[in-house]
Amino acid sequence: MMFINTNWYKQEELPMMVAHEIGHMLNGDTCYMYDHSNTGKISSEGAANRVAIDLLLQYCRDNDIQFNNYIMFLQQFCIPLRYEYIVKKKMVMN
């Protein structure tokens, strides 16, 4: 089960937020893992973001949504710049 605040003050961030939370579910993460270590939390957050990027890229492919470059994709889905290299690599590969 996941909860999404659809009243989030930055509505443009919702697609990435939802994809991120789905990423946690697909990765089998639980809320209890945060009790153990910061390293585990940081690792699972990064992994959830990578899954979220995959989901959003697949959504765009499935719906024939194209971007001229990876920066536009990052901006459209409010993806943090620290994931720029992942998006760039994945967009070049496809």
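Residues numbered from 1 in each chain as written. Predicted model: local features only at pLDDT ≥ 70, side-chain atom pairs only at ≥ 80, totals over all residues. Heavy atoms only, no water.

## With respect to the environment of Ile79
Turning to its location among the elements, Ile79 is positioned in the loop between α3 (70–76) and α4 (84–93). Ile79 sits 30 residues away from Asn49 along the chain, and the two C-alpha atoms are 8.6 Å apart. Not counting chain neighbours up to four residues away, the residues in contact with Ile79 comprise Met16, Ile53, Leu56, Phe73 and Leu74. (Helix = DSSP H or I, 4+ residues; strand = E, 2+ residues; numbered from the N terminus. Contact = heavy atoms within 4.5 Å.)

## Things to note about the pattern of salt bridges
Going through the model one piece at a time under the given rule, you end up with two salt bridges. A salt bridge links Lys10 to Glu13; the nearest nitrogen and oxygen atoms lie 3.9 Å apart. Residue class for Glu13 comes out partly exposed when judged on its relative accessible area of 21%. Residue Lys90 is joined to Asp54 by a salt bridge in which the shortest nitrogen-to-oxygen separation is 2.8 Å. Note that Lys90 is positioned in helix α4 and Asp54 in helix α2 (residues 38–62), a separation of 36 residues in sequence. (Salt bridge = Lys/Arg side-chain N within 4 Å of Asp/Glu carboxyl O. Buried < 20%, exposed > 50% of the residue type's maximum accessible area, 1.4 Å probe, protein only.)

Keep in mind these values describe shape, not function.
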